[in-house]
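# Observations on the model geometry
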There are 2 protein chains.
Amino acid sequence: MMSTPAYDALTRDFQRLYNLGHLQSMASWDQAVNMPPGGNEARAAAMTEMAALLHRLRTDPALAAALERAGGESLDDTQRANLREMRRDWAEVNGLPEALVERGSMATSRCEHAWRKQRPANDWAGFLPNLKEVLSVAREEAQRLSERLGVAPYDALMDRFEPGMRSDVVSRVFGEVRTWLPGLIRDVIARQSTEEVLAPQGPFPVPAQRALCEQSMRLMQFNFEAGRLDVSTHPFSGGMPEDVRLTTRFSDHEFLTSLMGTLHETGHGRYEQNLPRHWLGQPMARARSMAIHESQSLSFEMQLGGHPGFAGLLAPLVQQAFGDQPAFSAQNLNRLITRVKPGLIRVDADEVTYPAHVILRYEIERALIEGQAEAEDIPALWDERMQELLGIDTRGNFKDGPMQDVHWPAGLFGYFPCYSLGAMYAAQWFAAIRRAHPDVDARIAQGDLGVVFDWLSQHIWSAGSRWTTDELALRASGETLNPAHFKAHLQTRYLGA
Amino acid sequence: MMSTPAYDALTRDFQRLYNLGHLQSMASWDQAVNMPPGGNEARAAAMTEMAALLHRLRTDPALAAALERAGGESLDDTQRANLREMRRDWAEVNGLPEALVERGSMATSRCEHAWRKQRPANDWAGFLPNLKEVLSVAREEAQRLSERLGVAPYDALMDRFEPGMRSDVVSRVFGEVRTWLPGLIRDVIARQSTEEVLAPQGPFPVPAQRALCEQSMRLMQFNFEAGRLDVSTHPFSGGMPEDVRLTTRFSDHEFLTSLMGTLHETGHGRYEQNLPRHWLGQPMARARSMAIHESQSLSFEMQLGGHPGFAGLLAPLVQQAFGDQPAFSAQNLNRLITRVKPGLIRVDADEVTYPAHVILRYEIERALIEGQAEAEDIPALWDERMQELLGIDTRGNFKDGPMQDVHWPAGLFGYFPCYSLGAMYAAQWFAAIRRAHPDVDARIAQGDLGVVFDWLSQHIWSAGSRWTTDELALRASGETLNPAHFKAHLQTRYLGA
């Protein structure tokens, strides 16, 4: 055993960042779930203090030196993977000059803050100058990171969320989806128009909805010894791998939103709960990427949630929660869950139309970053693509158009593709599970979900960031990202093809 | 305006400690209220990391130098008071050698951890060796702090909780109480034996109890925009002045414990909520001392809670919560709340017998620290005093005797006096309020509690640590601690004298 003093020191530094990050993460959760409004200012000061502290620790020049030295030490493969992820972390924080980071922080704060009022007022004109400044910073960030990483500017931004993914791949994949998606949507709508779907009769009391969500989390084998479900305005999966905090929201006239949202967050949550425990605290134990994370939430919400056999597991839980009614038959629930209807809002979109929302955003934001479009051009580009992809007229409706998402005001260019890449990976995982277990559909219908969870745990969850995303996909499913599985999934589920 | 660079730098350092302490405080609250058991290990690591970080910041030699330099700067009176409190903070953390602090931390961890199982098992023999080690460390700490502060060893420990208080004062005050308390208890019991008291008929559903507690907090003008009420095994007041987190606990066969406990915590909470807002973040804005804090919780729970006029405000809330029954008349509620009955357990004690529990602990722990008694002697000293003060035989019952409190296992010698000093200060505040507002009792009965809260806010809450405790008491009530008010209060309330 060779001694590895630099590497060992790095593991202690990253463990320390992890420990402090724990308090930051729990305070974020508390802010969304518990904090009374009067606590806001003091909390903001505390969070700023912690962010500054973590930033200082992550930009400590001693860290760069240790990363350099550790590269020359005799590390085993796992340690080397951990070192690779440490370097990624370092590059992410140290890749931009302080002044640019501050300018970005100012620009996004101002833009996002104003957007919260401008969006409901449909005030594109007020929003535009703020967004232009955010875009200007993002372009400069992209340029600098691009030079550093040796990839295209947009790719450099996307790399923060989806390491290793490149826009030539995304463009090829999304371009292919574009060729068949509008036709598929039309066919599905035509087919579903002959289906009878019963609307559930409310109200659906919140305590019963909460019990239903917790029951469905148990069905999904969420570990309540290491996590909980609470309520927040915007549902999310937070906390830490050892203590996962999921949230949902309830309204008593409708229960499917909270139920399906909870299944979604439970997918994120189980990924976190089952990351490699022995390595927790080290970058190698982190979830692999945003698309892989999304592939877990969508495995739960879409692959399982929309599965006809799974509806048979949900039905008794729904009946137990609200009493029996004809709309709660397994078949009707499945029809409700898989109903396809083009709409304005991405977060409300069904599994089939969702990629259209992502593709249009990807095309626009890439053009923005690469300078082929300006912020002023967004509405026209948006209207054109919504018409093309979903046949919807969005002219003049900014609030349900390009102002609907927080991502651009927050400067998160390069994030959107992850949603649909995640849906594609999820379909790819289920194709692999089906190859390994040809009886998987029957087993799901019987409530034997372990066959799915065991596969995900073995191939995805327990790997953390041990491999690059391509290696992970290859080891798990025998191939890197292959969108054919997603197309096949949609055709099978929605057209019975 | 002279420039005060050292002082200014210190205010930034302390603001920073405050900001980081915010996250520590919220995580502690979360641990008691929300955290699932599986989160324990990671949380402990995070809290240890933060404690180590704060310790490093608070022992930074640059701080000592700045404190020295700031003393020579041209500060106004308020700044000078802030500097005084900064120095106290510094002395508290830097007064002991690292090795002794670590030995203490090990000893109390071990003792407290084992005590949690030894107490229910009545295992004094198992507890004793751990306690001896805790005591040994406490004696050494007392010795070192004593030399540093130039006060007696026990006083040096007490000073951590009750700055400026000395054992000659405590001994004189408690010695005086000792002369009349057993007789008073006998007289009260004799008097109450002729009263008819109706027992409330349960069950008392937890949701109704929770609503009652929140209603009573509103009655006490707790600011729910800057705080909340939750449930934990051991009720406490936590969080931060800007976001106060109170807890209580419920059992459905009894409601007065949670109600009176909530009134108690609300007193702590309103003190925190109304500390000098402009100074929050600076040591001068902290609550003055443990006894002063307790004087607020006891002003709420005992002075107001046991007030016959206040029972008329509680009665409709109780009836609203559980429906009407004869036991919920104002008079009967007041009799239930003011019922005096000597018992084994301090935390369950009524207002009249409580000082007996404190006096006996004070006498024993002072003898322990000063070397006049050893840990082995505790049971005999305990039995003797319980017989003397409360007429109760405690021989052989360690778990409800000297093993009942966490304070000694946790090494908190010098804390106990604060409880009864707080009760005395509370009586002193109410005497002052009564002098300023001779109609205060009628106004309380009418629900006009503002007269009390305004006085407390003006004289105690808004002062923070602007003055020493003696100065605070003098400014508020025209005299330093005067236990005659407590005696008069008990005689008036319990003997109609």
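The shown structure was predicted, so the numbers you read here are calculated from the model rather than taken from an experiment.

Moving on, we come to the overall build of chain A. Helix and strand counts for chain A come out as 20 helices and three strands. Since a compact globule built from 497 residues should have a radius of gyration of about 23 Å, the 23 Å found for chain A is in line with a globular shape. Out of the 497 residues in chain A, the part that is buried amounts to 55%. Counting only contacts in chain A whose residues sit at least 6 apart along the sequence, the fraction spanning at least 24 positions is 74%.

Bringing the packing of helix H16 (residues 417-436) of chain B against helix H18 (residues 450-459) of chain B into the picture now. All names here are of chain B. Relative orientation of the contacting elements H16 and H18 amounts to 115°, with a least axis distance of 11 Å. Classified by the angle between their axes, H16 and H18 sit roughly perpendicular to one another. By crossing handedness, the relation of H16 to H18 is classed as right-handed. Within the contact between the two elements, H16 uses Trp-429, Phe-430, Ala-432 and Ile-433 and H18 uses Val-452, Trp-455 and Leu-456.

With that settled, the discussion passes to unusual backbone geometry. Excluding glycine, residues mostly carry a negative phi; peptide bonds, for their part, are mostly trans. Residue and element names in this part refer to chain A. Of note, the amide linkage connecting Gly-202 to Pro-203 takes the cis form, showing an omega dihedral of 0°. Of note, Pro-203 is situated in the loop between helix H8 (167-192) and helix H9 (206-219). The residue Gln-221 is not glycine, and still its phi comes out positive at about 65°.

Enumeration over the complete set of coordinates arrives at 70 salt bridges over all chains. One salt bridge in this structure joins Arg245(A) and Asp243(A), with 2.8 Å as the shortest N-O distance. For Arg245(A), a relative accessible area of 0% corresponds to the buried category. Given a relative accessible area of 0%, Asp243(A) falls into the buried group. Glu140(B) is the partner of Arg103(B) in a salt bridge, and the nearest nitrogen-oxygen pair spans 3.3 Å. With a gap of 37 residues between them, Arg103(B) in helix H5 (residues 98-118) and Glu140(B) in helix H6 (residues 124-149) connect regions that are remote in the sequence. The class of Arg103(B) is partly exposed, set by a relative accessible area of 29%. Taking the relative accessible area as the measure of exposure, Glu140(B) reaches 30% and is therefore partly exposed. It is possible to trace a salt-bridge network through shared partners that takes in Arg84(A), Glu85(A), Arg88(A), Asp159(A), Arg166(A) and Arg288(A).

It is worth spelling out the packing of aromatic side chains at this point. Following the criterion strictly, the structure yields 42 aromatic pairs over all chains and no others. On the numbers, 6.2 Å between centres and 85° between planes, the contact of Trp382(A) with Trp408(A) is edge-to-face. With Trp382(A) in helix H15 (residues 378-390) and Trp408(A) in the loop between H15 and helix H16 (417-436), this residue pair connects regions lying 26 residues apart in the sequence. An identical accessibility class is assigned to Trp382(A) and Trp408(A); each is buried. One aromatic cluster is present, formed by Phe161(A), Tyr354(A), Trp382(A), Trp408(A), Phe413(A), Tyr415(A), Phe416(A) and Tyr419(A) through successive ring pairs. Above the ring of Tyr419(B), the side-chain terminus of Arg346(B) is found at 4.7 Å from the ring centroid.

Turning our attention to the interface of chain B and chain A. The partner chain A presents 33 residues to the 33 residues of chain B that form the contact. Both sides together, the interface formed by chain B and chain A hides about 2700 Å², and carbon and sulfur atoms give 57% of it. Ranking the residues of chain B by area buried against chain A places Leu23(B), Pro36(B) and Glu49(B) at the top, with a combined share of 20%. Measuring nitrogen to oxygen at the nearest pair gives 2.9 Å for the salt bridge that ties Asp30(B) to Arg245(A). Summed over the shared surface of chain B and chain A, the result is twelve residue pairs in polar contact (both at pLDDT 80 or more). Of all the secondary-structure elements, those providing two or more residues to the side of chain B that touches chain A are helix H1 (5-33), helix H2 (40-58), strand S1 (227-231) and strand S3 (243-248) of chain B. For the side of chain B that touches chain A, the element with the most residues is H1(B), which contributes ten residues.

Checked against the element boundaries, Asp441(B) lands in helix H17 (residues 440-445). Residues within four places of Asp441(B) in sequence aside, it is in contact with His307(B) and Arg434(B).

Strand pairing in a sheet is mediated by backbone hydrogen bonds. Such pairs are either parallel or antiparallel. Residue and element names in this part refer to chain A. If you walk across this open sheet you meet the three strands as S1-S3-S2, and the pairing is mixed. Each end of this open sheet is capped by a strand with a single partner; those strands are strand S1 (227-231) and strand S2 (237-240). The mean angle between the axes of side-by-side strands here comes to 25°, regardless of whether they run parallel or antiparallel.

The next point concerns the side chain of Asn332(B). By the secondary structure assignment, Asn332(B) is in helix H13 (residues 330-337). Sequence-distant contacts of Asn332(B), defined by excluding residues within four places in its chain, comprise Glu196(B), Val197(B), Leu198(B), Pro326(B) and Ala327(B).

All names here are of chain A. Domain annotation of chain A identifies domain 1 (1-94) and domain 2 (150-497). With centres defined by C-alpha atoms, the gap from domain 1 to domain 2 works out at 29 Å. Across the domain 1-domain 2 interface, the total number found is three salt bridges. Among the ionic pairs, Asp-159 bridges to Arg-88, the shortest N-O distance being 3.4 Å.

As a further point, take the sheet that holds strand S2 (residues 237-240) of chain B. Residue and element names in this part refer to chain B. If you walk across this open sheet you meet the three strands as S1-S3-S2, and the pairing is mixed. The sheet terminates laterally at S1 and S2, the two strands that pair on one side only. For this sheet, the mean inter-axis angle between neighbouring strands, taken without regard to orientation, is 25°. Bridging between S2 and S3 involves four bridges; their strand directions are antiparallel. Counted as the bridge partner of Ser-237 is Leu-246 from S3. Packed on one face of the sheet, H1 meets S1, S2 and S3 and runs near 140° to S2. Strands S1, S2 and S3 of the sheet are contacted by helix H10 (residues 256-273), whose axis makes an angle of about 165° with S3.

To continue, consider the side chain of Ser258(B). All names here are of chain B. Structurally, the position occupied by Ser-258 is in helix H10. Note on Ser-258: relative accessible area 2%, which makes it buried. A distance of 3.2 Å separates a polar atom in the side chain of Ser-258 from the backbone oxygen of Phe-255. The contact partners of Ser-258, leaving out residues within four places of it in the chain, are Gln-209, Cys-213, Thr-248, Arg-249 and Phe-250.

Rotating chain B by 179° about the axis while translating it 0.1 Å along that axis superimposes it on chain A, leaving an RMSD of 0.1 Å. Here the copies are linked by what is in effect a two-fold axis. For chain B, the minimum C-alpha distance to the rotation axis belongs to Leu23(B) and amounts to 3.1 Å. Here 100% of the interface residues in chain B have copies in chain A that are interface residues too; the copies meet face to matching face.

Rules used in this analysis
In this numbering scheme, every chain counts its residues from 1 along its sequence in written order. As a convention, the first chain written is A and the first ligand written is 1, with the rest following in written order. For this predicted model, a pLDDT threshold of at least 70 governs which residues receive local features, and a threshold of 80 or more governs which side-chain atom pairs are given and counted, while totals over whole chains, interfaces and linings are taken from all residues. Hydrogen atoms and water are omitted, and side-chain values are computed over all heavy atoms in the structure. Runs of E in the DSSP output that reach at least two residues are strands. Runs of H or I that reach at least four are helices, and both are numbered from the N terminus. The quantity called the radius of gyration is restricted to C-alpha atoms. Its globule counterpart is 2.2 Å times the number of residues to the power 0.38. Only protein chains enter the accessibility calculation, which uses a 1.4 Å probe. A residue is then buried if its area is under 20% of the maximum for its type, exposed if over 50%, and partly exposed in between. Working rule for contacts: check all heavy atoms of both residues, and any pair within 4.5 Å makes them a contact. Fitted lines through C-alpha atoms give the axes, limited to the stretch in contact for helices. The angle between two N-to-C directions lies from 0 to 180 degrees. Here roughly perpendicular refers to angles of 65 to 115 degrees, roughly parallel to angles under 35, roughly antiparallel to angles over 145, and oblique to all remaining angles. We call a crossing left-handed when the near helix sits turned anticlockwise from the far one by less than a right angle, and right-handed when that turn is clockwise. In what follows, salt bridge is the name for a side-chain nitrogen of Lys or Arg lying within 4 Å of a carboxyl oxygen of Asp or Glu. Paired rings are identified among Phe, Tyr and Trp, the last through its six-membered ring, by centres lying within 6.5 Å, and are further divided according to the angle between planes into stacked (under 30 degrees), edge-to-face (over 60) and tilted (the rest). Placement of a positive charge over a ring is assigned whenever Lys NZ or Arg CZ falls within 6 Å of the ring centre and within 35 degrees of the normal to the ring plane. The term buried area means the drop in 1.4 Å probe accessible area that two parts suffer when joined, counted for both and summed. N or O atoms within 3.5 Å of each other form a polar contact, as long as, within protein, one can give a hydrogen and the other can take it, and as long as residues adjacent in sequence are counted only when both atoms are side-chain atoms. At least two DSSP bridges between two strands are required for those strands to pair. Source of the domain bounds: an automatic or database domain assignment. A least-squares fit on C-alpha atoms brings the copies together, and the residues used are those whose pLDDT is at least 70 in both copies.

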